[in-house]
Amino acid sequence: MYATQALTHLVPLAAEELDKNKVTPGVLGFLVFAALAVGVWALMKSMNRHMGRVNFEEAPDPDAAAAESAEPAEPAADKGRAASPGK
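Residues numbered from 1 in each chain as written. Predicted model: local features only at pLDDT ≥ 70, side-chain atom pairs only at ≥ 80, totals over all residues. Heavy atoms only, no water.

## Here's the deal with the overall build of the chain
Right, on to step 1. Summing up its helical and strand segments, the chain has four helices and zero strands in all.
Right, on to step 2. Along the chain, helices and strands appear, N-terminal first, in the series α-α-α-α.
Right, on to step 3. Looking at the 87 residues of the chain, the share that counts as buried comes to 0%.
Right, on to step 4. Working note: accessible area of the chain is about 8600 Å², and carbon and sulfur atoms make up 65% of it. (Helix = DSSP H or I, 4+ residues; strand = E, 2+ residues; numbered from the N terminus. Buried < 20%, exposed > 50% of the residue type's maximum accessible area, 1.4 Å probe, protein only. Areas by Shrake-Rupley, 256 points an atom, 1.4 Å probe, with all protein chains shown as cover.)

## Comments concerning a nonpolar patch on the surface
Right, on to step 1. A cluster of nonpolar side chains, namely Met-47, Met-51, Val-54 and Phe-56, defines an oily patch on the protein surface of about 480 Å² accessible area.
Right, on to step 2. Note that Val-54 resides in the loop between helix H2 (26-53) and helix H3 (62-70).
Right, on to step 3. Taking the relative accessible area as the measure of exposure, Val-54 reaches 51% and is therefore exposed. (Patch = residues over 30% accessible without salt bridge, like charges linked within 9 Å, V, L, I, M, F, W, Y side chains within 5 Å. Salt bridge = Lys/Arg side-chain N within 4 Å of Asp/Glu carboxyl O.)

## Overview of the confidence of the model for the chain
In low-pLDDT segments, the atomic positions of the prediction should not be examined closely.
Right, on to step 1. The pLDDT averaged across the chain works out to 76; a share of 60% of its residues lies at or above 70.
Right, on to step 2. Model confidence for the chain, summarised as mean pLDDT per element, is weakest for helix H4 (residues 76-83) at 54 and strongest for H2 at 96. (pLDDT = per-residue confidence, 0-100.)

Shown next, in the form of structure tokens:
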């Protein structure tokens with residue numbers, strides 16, 4: 001006899017004893033959920049610690065630096081007048 005055939009004979013017996021209003025995840029379900037919650041908390045704490053250690057300073061763009069050095073140097077006052085077309 002196969003195991004699936006044996007289980008099909010037991011299913012009607014389990015259905016009579018099973019009260020669908022009283023089925024709960026139980027202690028094992030709570031422990032699994034609590035372990036997941038503690039794991040997520042630990043990962044978030046570790047991430048915050050690592051993000052606090054990051055010292056990020058953006059390097060200047062080499063293309064922009066080359067473009068600025070190629071343009072002739074203009075006084076700041078001339079740039080302001082050229083930017084406003086109404087004057």
